[in-house]
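# Analysis of the macromolecular model
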Number of protein chains: 2
Amino acid sequence: MDDRTQLWNDFAAQLAVDSIRCTTAANSGHPTSSMSAAHLIAVLYADHLHTNVAEPADLANDRFVLSKGHAAPVLYSALKAIGAISDDELLTLRRFGSPIQGHPAPVPELPWVDVATGSLGQGLPIGVGMAFALRLDGSPGHVWVMMGDSEMAEGSVWESMETASYHKLHGLTAILDLNKLGQRGPTMHGWDADVFRDRAEAFGWSAIEIDGHDVAEIDAAYTRARDADRPTMIVARTEKGHGVSLVANAEGWHGKALSAEQAAAAIDELGGVRNLTITPPKPESFIPIGSGAAIAATTPAYEGPIATRKAFGDALAWLATLRPELVAIDGEVGNSTFTDDVLAAAPERFFEVYIAEQTMVGAQIGMQALGKVAFSATFGAFYTRATDFVRMGAIGRADLRLCGSHAGVSIGEDGPSQMALEDLATMRALHSSTVLYPADGNATVKLVTAMCDLSGISYIRTTREATPSLYGPDEEFPVGGSKTLTSSPDDRVTLVGAGVTLHECLGAAGALAGEGIAARVIDCYSVKPIDAPALRKALEETGTIVVVEDHRVEGGIGDAVLDALASTGPLSGRVFKLGVTEMPGSGSPTELRAWAGIDEASIMERVRAALG
Amino acid sequence: MDDRTQLWNDFAAQLAVDSIRCTTAANSGHPTSSMSAAHLIAVLYADHLHTNVAEPADLANDRFVLSKGHAAPVLYSALKAIGAISDDELLTLRRFGSPIQGHPAPVPELPWVDVATGSLGQGLPIGVGMAFALRLDGSPGHVWVMMGDSEMAEGSVWESMETASYHKLHGLTAILDLNKLGQRGPTMHGWDADVFRDRAEAFGWSAIEIDGHDVAEIDAAYTRARDADRPTMIVARTEKGHGVSLVANAEGWHGKALSAEQAAAAIDELGGVRNLTITPPKPESFIPIGSGAAIAATTPAYEGPIATRKAFGDALAWLATLRPELVAIDGEVGNSTFTDDVLAAAPERFFEVYIAEQTMVGAQIGMQALGKVAFSATFGAFYTRATDFVRMGAIGRADLRLCGSHAGVSIGEDGPSQMALEDLATMRALHSSTVLYPADGNATVKLVTAMCDLSGISYIRTTREATPSLYGPDEEFPVGGSKTLTSSPDDRVTLVGAGVTLHECLGAAGALAGEGIAARVIDCYSVKPIDAPALRKALEETGTIVVVEDHRVEGGIGDAVLDALASTGPLSGRVFKLGVTEMPGSGSPTELRAWAGIDEASIMERVRAALG
């Protein structure tokens, strides 16, 4: 056995031992899923993951994504071996307050982890985004994604396999840890590596079958994968719990720590505790080639009616000229959401993933992790396809800029399958989220501009049809603010709208004025954070608030308004919520808003009854 | 040309003509995506879709799912030809109030449509569920799913390809309408039918390549597919807009109606308006073999602590003995959610789809469409993978019974990727939804029992850890009700909890009593519908409500309580919401509830501050 072979095997044994030590200390976690990956990780970190440990943000670095996030102990053990964390830190696994969480998360103390994993099937879409970003920058970095065999059942894996081969992302390698045991028992295909090899090849990848505990085979496969002209999947047959007779290839050991006694015996069997220090290979230095240039564009400004979705596209294309890090990802609806405007302005920074929303958001997570200001857009309804990715993005401290178009019943004839009606509820509930909903083109431009500098999840909701211009191009729209469009000391009611319903509120206020009822109108363009002081003032001054939204009555603007009022003091007065309560069908936007009870006439009726 | 060939071609021309007529009448819609499928649909409805038109619910019928739902006009045109709807009805396409919506939906007037489509990539998962149900009943019915090539980019397609071959669903055929033009332009693979053939074969299907406008090839392929020993994909090269020179294989015609003049010329080119009446082949009669028998079980009842997730499994296994139509679908977490108890009790009615949540819910939609009382379960966090499927289920009037386990920060050490923290917000916002959250085992049994008879989307949220028993086994838990656990005329505050936080509320109330503060405690086990009268009474009698939930502070129980109060009269008093506002890490359940400010001590602090 040559020196390198010895080192790899020793390192693998150390990773297995440390995975056992930290899970036994935590009395929970996944030692056996870590042990199946130990040799794969050892060879990767020792000789193939080009990374500058002291500079984890260096764009020349290779990237490693542990898609099978429950095997976090082997990752943390590798981070210990490369000197990123200490052995003491490793042993805080799963403790309250520790950055060494049950599944990897890029908390500030752990800059060697780029993204959160733990929801299966997300690593490869994220890796696609990283490979996009590295290629755009001209980085020599390679992306390595380790996957488990259970997660191969997730469709998101095959979505991103397709994207990777279509876009010829040869800078991406998937390492499949085929340990053949899932949470409940055997996986569908066991050790039939050829199933995955054949599928990968049918999806346009190269594929290599290896013994995942044979370090020479692993080493050779990594070299071939890095040099391949297409993305490569390495299908590695492994044993769950490898190296310890008690748990090796044994059912009933998923997600279970060894007792102290079992651990001691296991560590003995693995040759005892080691303290190897590993220095991964250095990345090649490179000079970023810079993102593609953009055609200069003038600041969008509108006087007449414009659809906010079109203003979004105009704004994004314009911002692309100002911000070289801005990229846009499309789920094959760019001619509807108007991300196609970015394609026209900065074609290298437009990424088409076709109708694959999970990959769209996954790739976005990967791109922002490498410093891109990444926007994605699809129909608001279809972000529901990627809710888990947005959720994991929030956990991963990702800055995701999302645009959901075609909001509400106002899309009209296409019917409910295309209508975003629950998007505000879901997006509001996410940690770190900002939820914006402009009513005109100029507001849209300002809010999209603001999104470039927001952290966390920001979501802008746009409307299919054109809406009149309400604001001049110089009006400012601070996040967390609102606009009071009509106001007088005689106001007896406040109408709160956003997006398309703001126009209905304005119409109603005008008509109510004719009936002698003064109504205040507030544009709640910032749904989260919401302008609580303005709303409280309105309730105190007018006594009655009517919130009108083209969204389900639960979880949206109405609930946000009630929350703002409850959070800022005692409640008094009345708050009425007008929103969608039944299941729409087809119809014109006007018919459907009337049917839903969110149009001008419905608002007036509600106000008359309330003030009656 | 023989008579049958003539008929098929005439019928196809009629379908194309009628697709043009109705979209031109509507001035919107998808004629060209309908025309590519005309021959495929013609041969299917004329000679292969065994169906009793007068009895669309007949379980002997074949099933047709139009996964490319935007081609609805060709489906409606076929329904006209078989006498299900009239020509006048066809021409109401996309009009307000018409059942002939922009995308197919199973409204009561249209019993020939089983499920809603229009969000791409959902038809095949649904077809998998239909094939499961037909096989379980011993029906001779075959399931035909028509897919578009753009939707082949959706991972859900490949998820369900895997499920179908793994479960040897030879009663399922996918018809791929390879018209090579998507919404924005060319698809990834154009007319490269071999790409899809190879992938289908790699996924364990048989595959047949045909010319999708050659009726003899279509007929032969359908016969082979029905007789195959495995699921079959028919890859049919077609032309978008086939038969009309203006639009045939032309870009820029996606989702666009022809003008009246263009339509007239197109109809001429297609040979004019026809009024063929088609009688599909009759289904074979069969005697349902009945669902698998279940091992008798006693009614679950608890005295000591039990995890509500375990009570869910116990209840489901017991209900399986009482209800032969009950089925359970698992996403490979059945030993965590305890659907494994159904596997033990009634193995034929337990369906394992592995880690494929989109397929899990899609299959559930398919099974309930054929009369099954279908439950699915996974971690509440992972339903976010299938949000779009649940949303489309609501649009499709599906009765979906969902159990989300491992709710909240209370799961502890595994960390945020495994925590359901936004599930109540999303589930509450869905049309027709019921949201339940029991605090003990006996309540769980009653609520799971109630779910069997609920229509629409019902969601029960369960807890990982054991919680004490609060109720006897005979206590009733009506949907929309609540339980007031402590109450006195001296109550100065009301604590509202559900699930795990109810126990924290009870602890706080006990401790506050020691400080001379009488607190009412309400178990809000029915989050939607919520017990508005009890909450209003509590606000009026105690003046202050503190809502405590192991969920994000947005969109959950707190918002539901505020909504209930606002909906039932003027607001007065104070409502405080305690929920999760920051990003959790790992820790023990107790540590994390304290950190989130939703434990007994935090509640007491909030009450003291509010009343101080």
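See the structure shown above.
Quick look at the structure, then. All of these numbers come straight from a predicted model, not from anything done at the bench.

Residues and elements named next belong to chain A. The seven strands lie next to each other as 8-7-9-10-12-11-17, forming an open sheet whose pairing is mixed. Every other strand in the sheet has two partners, leaving strand 8 (350-352) and strand 17 (526-528) as the edge strands with one partner each. With strand direction ignored, the average angle separating the axes of adjacent strands in the sheet is 20°. With three bridges joining them, strand 11 (residues 434-436) and strand 12 (residues 457-461) adopt parallel strand pairing. By the bridge assignment for strand 12, Leu 436 is matched with Ile 460.

Under the fitted operation, chain B is carried onto chain A by 0.0 Å of movement along the axis and a turn of 180°, and the coordinates agree to an RMSD of 0.0 Å. Here the symmetry operator amounts to a two-fold rotation axis. The rotation axis passes nearest to the C-alpha of B:Gly155 in chain B, at a distance of 1.9 Å. A shared binding surface is used by both copies, with 100% of the interface residues of chain B retained as interface residues in chain A.

So, about the interface of chain B and chain A. Taken together, the 102 residues of chain B in the interface contact 102 residues of chain A. When the two sides are added together, the surface that chain B and chain A hide from each other amounts to roughly 8,500 Å², 52% of it contributed by carbon and sulfur. For the interface between chain B and chain A, the tally reads 20 salt bridges. Put simply, chain B and chain A have 59 residue pairs in polar contact (both at pLDDT 80 or more) between them. Per element, the largest residue contribution to the side of chain B that touches chain A is seven residues, and it comes from helix 15 (residues 387-395) of chain B. Residues belonging to the side of chain B that touches chain A are distributed by class as follows: 35 nonpolar, 37 polar and 30 charged. Of the pairings in the sheet, the one linking strand 19 (residues 571-580) of chain A to strand 19 (residues 571-580) of chain B comprises three bridges and is antiparallel in character. When the sheet's bridge partners are listed, A:Ser572 is paired in strand 19 of chain B with B:Ser572.

What counts, and at which threshold
- Residues numbered from 1 in each chain as written.
- Chains lettered and ligands numbered in written order.
- Predicted model: local features only at pLDDT ≥ 70, side-chain atom pairs only at ≥ 80, totals over all residues.
- Heavy atoms only, no water.
- Pairing = 2+ DSSP bridges.
- Helix = DSSP H or I, 4+ residues; strand = E, 2+ residues; numbered from the N terminus.
- Axes fitted to C-alpha atoms, helices over the stretch in contact; angles between N-to-C directions.
- Least-squares fit on C-alpha atoms with pLDDT ≥ 70 in both.
- Contact = heavy atoms within 4.5 Å.
- Buried area = accessible area lost by both parts, 1.4 Å probe.
- Salt bridge = Lys/Arg side-chain N within 4 Å of Asp/Glu carboxyl O.
- Polar contact = N/O pair within 3.5 Å; in protein donor to acceptor, adjacent residues only side chain to side chain.
- Nonpolar A, V, L, I, M, F, W, Y, C, P; charged D, E, K, R; others polar.

That is the geometry; function is a separate question.
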